[in-house]
Amino acid sequence: YPLRRQRQMCIRDSQTSSFDVTWQPVWGEEKDIRNQYNEMAVTLVQKEKNRRMLIRFRLFNDGLGFRYEFPMQKDLRHFIVKEECTQFAMTGDHTAYWIPGDYCTQEYGYTKSKMSEIRGLMNKAVDHQNIASKVIGEAAVQTALMLKTDDGLYINLHEAALLDYPCMHLELDSENRTFQSHLTPDAVGFKGTLQAPGVSPWRTIIVGTEAKDILASRITLNLNEPCKICLSYTSPSPRDVEESRMP
């Protein structure tokens, strides 16, 4: 929460609902995908500036997603995102599977370490021979970030529906075991330019008792908007069908 009083926001309203529908993707591993969740939409108001923002949460059986929404309003139309301060607080010093946070490349090998070891291993993890590399910080990592608790629970931090918004990295506060979002800036340093009505991408937390549960999750697909292109005229060729059956 912002510290300055004039920027503080209070809760005006909250609404809950449930959703359960099965849909068919154009192409994929499954013919039918079930989209089932409970939702809570919380409306926040900045009284001094008369600005409104909504945080929408969707809780699935294997995780959750949340995003920030900016409805049409008189006192907020075009605006610049200076920073997004979303935080993910961990309950322990989990094992992390990570690559360095980098604005320009993802060409890194993964490092497996405790969260508390990320800062100390960062220099070794960076490919200093890659001229395209632009590392963000000493404890910044890219998403998707996979974590494993001492109890064997897998936690995946990522995003969905990334559209007209900068991608999210994560900066680790080792002392407090907290990851904070770090958005990729444009050439002049802006973290985003939005127009109301508008939304951020979904921030996702997927959990599972096995690593394969993360891959099997359909949270990311369910949080993306349905395809707006009519593809009723398409059908897979015999070659496509045969290749899809290959191991």
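This one's a predicted model, so the numbers in the text were calculated from it and none came from an experiment. (Residues numbered from 1 in each chain as written. Predicted model: local features only at pLDDT ≥ 70, side-chain atom pairs only at ≥ 80, totals over all residues. Heavy atoms only, no water.)

This brings us to the packing of aromatic side chains. Counted according to the given criterion, the structure contains six aromatic pairs. Relative to phenylalanine 66, the ring of phenylalanine 57 has its centre 6.0 Å away and its plane inclined at 35°; by these criteria the two rings are tilted. Residue classification places phenylalanine 57 among the partly exposed positions, given a relative accessible area of 30%. For phenylalanine 66, a relative accessible area of 10% translates into the label buried. What links up through ring pairs into an aromatic cluster is the set Phe57, Phe66, Tyr68 and Phe88. (Phe/Tyr/Trp six-rings, centres within 6.5 Å; stacked < 30°, edge-to-face > 60°. Buried < 20%, exposed > 50% of the residue type's maximum accessible area, 1.4 Å probe, protein only.)

Moving on, we come to the sheet that holds strand 6 (residues 87–89). One key point about sheets: their strands pair by backbone hydrogen bonds, in either a parallel or an antiparallel sense. The four strands lie next to each other as 6-13-12-9, forming an open sheet whose pairing is antiparallel. Strand pairing shows two members of the sheet lacking a second neighbour, strand 6 and strand 9 (140–142), which therefore form its edges. Shown here is a sheet whose adjacent strand axes are inclined to one another by a mean of 30°, direction ignored. (Pairing = 2+ DSSP bridges. Helix = DSSP H or I, 4+ residues; strand = E, 2+ residues; numbered from the N terminus. Axes fitted to C-alpha atoms, helices over the stretch in contact; angles between N-to-C directions.)

Of all the residues in helix 1 (residues 118–125), the buried ones are Ile118, Met122 and Ala125. Along the long axis of helix 1, the arc covered by the buried residues comes to 80°, so they all point the same way. More than 90 degrees from the buried face of helix 1, the exposed residues found are Gly120, Asn123 and Lys124. On the buried face of helix 1, the contacting elements are strand 7 (95–98), strand 8 (111–114), strand 9 and strand 12 (168–173). (Arc of directions from axis to C-beta. Contact = heavy atoms within 4.5 Å.)

Right, let's talk about the environment of aspartate 173 for a bit. Positionally, aspartate 173 belongs in strand 12. As a C-alpha pair, aspartate 173 and serine 116 span 57 residues in sequence and 9.0 Å in three-dimensional space. Among the polar contacts listed, one links the side chain of aspartate 173 to the backbone nitrogen of glutamate 175, at a separation of 3.3 Å. (Polar contact = N/O pair within 3.5 Å; in protein donor to acceptor, adjacent residues only side chain to side chain.)

Attention now goes to the pattern of salt bridges. Oppositely charged side chains can pair when the atoms bearing their charge come close. Counted under the stated rule, the structure contains 12 salt bridges. One salt bridge in this structure joins aspartate 20 and arginine 34, with 2.6 Å as the shortest N-O distance. With aspartate 20 in strand 1 (residues 10–23) and arginine 34 in strand 2 (residues 33–46), the pair connects residues that are 14 residues apart, well separated along the chain. For aspartate 20, a relative accessible area of 44% translates into the label partly exposed. (Salt bridge = Lys/Arg side-chain N within 4 Å of Asp/Glu carboxyl O.)

Turning our attention to the nonpolar core. Among the nonpolar cores identified, the biggest contains 35 residues, and Leu145, Leu147, Leu157 and Phe179 are the most heavily contacted of them. With residues up to four places along the chain from it excluded, the contact list for leucine 147 reads Met90, His94, Thr95, Ala96, Met115, Leu153, Tyr154, Ile155, Leu157 and Phe179. If you look at the next biggest cluster of nonpolar residues, it comprises 10 residues, including Tyr37, Met146, Ala160 and Ile219. (Core = buried A, V, L, I, M, F, W, Y, C linked by side-chain atoms within 4.5 Å.)

Moving on, we get to the side chain of asparagine 156. Topologically, asparagine 156 is positioned in strand 11 (residues 154–160). When its relative accessible area of 8% is taken as the criterion, asparagine 156 is described as buried. When sequence neighbours within four positions are dropped, the list of residues in contact with asparagine 156 reads Ala144, Leu145, Met146, Thr204, Ile205, Ile206 and Ile214.

For the rest of this paragraph, the subject is the state of the cysteines. A complete count under the given rule lists zero disulfides for this structure. Not engaged in a disulfide, the cysteine cysteine 85 finds its nearest cysteine sulfur in cysteine 167; these two sulfurs lie 17 Å apart. With no disulfide partner, cysteine 167 has as its closest neighbouring cysteine sulfur the one in cysteine 104, 10 Å distant. (Disulfide = S-S within 2.5 Å.)

Once that is clear, we can look at the pairing of strand 3 (residues 51–60). Residues in a regular strand point their side chains to alternate faces of the sheet. As paired elements, strand 2 and strand 3 share nine bridges and run antiparallel to each other. Looking at the pairing, glutamine 46 lines up with arginine 51 of strand 3. Counted between consecutive antiparallel strands, the loop separating strand 2 from strand 3 contains four residues, among which asparagine 50 sits at a positive phi close to 55°. Bridge count for strand 3 against strand 4 (residues 63–70) is seven bridges, and the pairing is antiparallel. The residue bridging isoleucine 55 from the neighbouring strand is tyrosine 68, located in strand 4. Counted between consecutive antiparallel strands, the loop separating strand 3 from strand 4 contains two residues.

By themselves, these are just geometric observations and shouldn't be taken as functional.
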